[in-house]
Number of protein chains: 2
Amino acid sequence: MERIPILKMGPFLLVTIQVDMHDRLAMQLQDDLTTRIADTSARGVLIDISALEMVDSFIGRMLANIAGMSRVLDAETVVVGMRPAVAITLVELGMSLTGVRTALDVERGMALLGSAQRR
Amino acid sequence: MERIPILKMGPFLLVTIQVDMHDRLAMQLQDDLTTRIADTSARGVLIDISALEMVDSFIGRMLANIAGMSRVLDAETVVVGMRPAVAITLVELGMSLTGVRTALDVERGMALLGSAQRR
């Protein structure tokens, strides 16, 4: 399967990352996601990483890139579902996911996006 | 990655199938999903198969099993995001996905579950 599905849920888009990311797949995701934001006028993007057992600098950079691209298209990005072990590793490695907002799960992520939108 | 994430969205659960299913993964998903329905008192399950380029009899049976298990736990199952080519193949192969409800996308699936719940 060469593409990561992007699901539209009301004014937001949801991306669940389940497969190992590699360069081409990350590029494809950025491409698909920005196109989809433009097409649907989405105001927020939720990226679920609950299936990921590890977040390395490649994934971290991809998340930051997606957040940056979405921002210039006027959509907020929230990363949700991070496992506790991943959070520990991120901090231990000194990776701060700059510019990326996080929430515990999809519901809280949606609430965060909803409140950001109302402001 | 050995597990398919199950996301809670309000009263419903969302499962996005992105990876090739095999016996053990299907069993794990059934196990996780039924546990999750019981834990969260979910009233509906959405299974997104937009990433699947092919639905064979194994996947068909798995979807029917999940729908059956959810039903006895008082949750409706809706399969969403089927690709047009998959629909064509299903009918040509004479597979009818008995007992499985379908909707075009997640939003329509949620609307279907919502209206089923209100009845």
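What counts and how
- Here the residue numbering is sequential within each chain, running from 1 through the sequence in written order.
- Naming scheme: in the order in which they are written, chains are lettered from A and ligands are numbered from 1.
- Per-residue local features of the predicted model are confined to residues with pLDDT of at least 70, and side-chain atom pairs are confined, for both listing and counting, to 80 or more; whole-chain, interface and lining totals are unaffected and use all residues.
- Note that the side-chain values use all heavy atoms of the structure and ignore hydrogens as well as water.
- Each helix is a run of H or I in the DSSP string that is no shorter than four residues. Each strand is a run of E no shorter than two, and both are numbered from the N terminus.
- Here the radius of gyration uses the C-alpha set of atoms, whereas the globule reference equals 2.2 Å times the residue count to the power 0.38.
- Here's how the labels work: a residue is buried when its accessible area is under 20% of the maximum for its type, exposed when over 50%, partly exposed in between, all with a 1.4 Å probe on protein chains only.
- Between two residues, a contact is recorded if the distance between any of their heavy atoms is within 4.5 Å.
- Buried surface area refers to the total accessible area, computed with a probe of radius 1.4 Å, that the two partners give up upon joining, counted for both partners together.
- Every case where a carboxyl oxygen of Asp or Glu lies within 4 Å of a side-chain nitrogen of Lys or Arg is listed as a salt bridge.
- We call two N or O atoms a polar contact when they sit within 3.5 Å, provided that within protein one can donate a hydrogen and the other can accept it, with sequence-adjacent residues counted only if both atoms are side-chain atoms.
- Throughout, the ten residues Ala, Val, Leu, Ile, Met, Phe, Trp, Tyr, Cys and Pro are labelled nonpolar, Asp, Glu, Lys and Arg are labelled charged, and all others, Gly among them, are labelled polar.
- The set of buried Ala, Val, Leu, Ile, Met, Phe, Trp, Tyr and Cys residues whose side-chain atoms join them within 4.5 Å is what this entry labels a nonpolar core.
- Here the copies are superposed with least squares, the fitted atoms being C-alpha atoms of residues at a pLDDT of at least 70 in both.
- Only when DSSP finds a minimum of two bridges between them are two strands counted as paired.
- In this analysis, axes come from line fits to C-alpha atoms, helices being fitted only over the stretch in contact, and the angle between any two N-to-C directions falls in the range 0 to 180 degrees.
- Per-residue confidence from the predictor is reported as pLDDT, which spans 0 to 100.

Q: How should the overall build of chain A be read in this particular structure?
A: On a plain count of helices and strands, chain A comes out with four helices and five strands. Its helices and strands in sequence order give chain A the pattern β-β-α-β-α-β-α-β-α, from N to C terminus. Relative to a compact globule of 119 residues, whose C-alpha radius of gyration would be 14 Å, chain A shows 13 Å and is just as compact. With respect to the principal axes defined by its C-alpha atoms, chain A has extents near 35 × 30 × 20 Å. Across the 119 residues of chain A, 45% fall into the buried class. At a minimum sequence separation of 6, the contacts of chain A that also span at least 24 residues come to 72%.

Q: Would you mind showing me how to read the interface of chain A and chain B here?
A: Note on interface size: it is often stated as the accessible area lost on association of the parts. Opposite the 22 residues of chain A that make contact, chain B presents 22 residues. Contact between chain A and chain B buries roughly 1900 Å² in total, counting both sides, with carbon and sulfur atoms accounting for 59%. Along the contact surface separating chain A from chain B lie two salt bridges. Between B:Lys8 and A:Glu107 there is a salt bridge whose closest N-O contact spans 3.5 Å. Our count for the contact surface shared by chain A and chain B stands at four residue pairs in polar contact (both at pLDDT 80 or more). When residues of the side of chain A that touches chain B are traced back to their parent elements, those giving at least two are strand E1 (6–9), strand E2 (12–16) and helix H4 (106–118) of chain A. A breakdown of the residues in the side of chain A that touches chain B according to their chemical character gives eleven nonpolar, four polar and seven charged.

Q: Please clarify how the side chain of B:Asp32 should be interpreted in this entry.
A: Residues and elements named next belong to chain B. Structurally, Asp-32 is set in helix H1 (residues 23–40). Judged by its relative accessible area of 16%, Asp-32 is buried. Beyond its immediate chain neighbours, meaning those up to four positions away, Asp-32 contacts Arg-3 and Ile-6.

Q: Where do I start with the nonpolar core in this structure?
A: A general feature of soluble globular proteins is that nonpolar side chains tend to end up buried together. By size, the foremost hydrophobic cluster in this structure holds 30 residues, and its most contacted members are A:Met21 and A:Leu29. Of all the secondary-structure elements, those providing two or more residues to this core are E2, helix H1 (23–40), strand E3 (44–48), helix H2 (57–72) and helix H3 (84–92) of chain A. With residues up to four places along the chain from it excluded, the contact list for A:Leu29 reads A:Ile4, A:Ile6, A:Val15, A:Ile17, A:Met21, A:Met62 and A:Ile66. If you look at the next biggest cluster of nonpolar residues, it comprises 28 residues, including B:Leu13, B:Leu33, B:Ile37 and B:Val100.

Q: Looking at this structure, I do not really get the relation of the copies chain A and chain B. What am I missing?
A: A rotation about an axis combined with a shift along that same axis relates the two copies of the chain. Least-squares fitting of chain A to chain B yields an RMSD of 0.0 Å, with the superposition described by an axial translation of 0.0 Å and a rotation of 180°. Such a turn and shift between the copies fits a two-fold axis. Interface overlap between copies: 100% of the residues of chain A at the interface are likewise at the interface in chain B, consistent with a symmetric, same-surface contact.

Q: Sorry if this is basic, but what is going on with the sheet that holds strand E4 (residues 76–80) of chain B here?
A: Think of a sheet as strands paired side by side through backbone hydrogen bonds, with each pair either parallel or antiparallel. All names here are of chain B. Pairing in this open sheet of five strands is mixed, and the strands run E1-E2-E3-E4-E5 from one edge to the other. Two strands in the sheet have a free side with no partner beyond their single neighbour: strand E1 (6–9) and strand E5 (101–103). Put simply, the sheet's adjacent strands are angled 30° from each other on average, direction ignored. Bridge count for strand E2 (residues 12–16) against strand E3 (residues 44–48) is five bridges, and the pairing is parallel. Its bridge partner lying in E3, Val-15 is registered against Ile-47.

Q: Any chance you could explain the confidence of the model for chain A here in plain terms?
A: Detail in the predicted coordinates should be disregarded across regions flagged by low pLDDT. The predicted model of chain A has a mean per-residue pLDDT of 91, with 99% of residues at 70 or higher. Interface scoring of the predicted complex returns ipTM 0.81; its pTM is 0.88.

Q: What am I meant to see in the environment of B:Leu90 here?
A: Residue and element names in this part refer to chain B. Inspection of the secondary structure puts Leu-90 in helix H3 (residues 84–92). Judged by relative accessible area, which is 5%, Leu-90 ranks as buried. Taking the C-alpha atoms as reference points, Leu-90 and Gly-44, separated by 46 residues in sequence, lie 24 Å from one another. Excluding its chain neighbours within four sequence positions, the residues that come into contact with Leu-90 are Val-55, Met-82, Met-95 and Leu-97.

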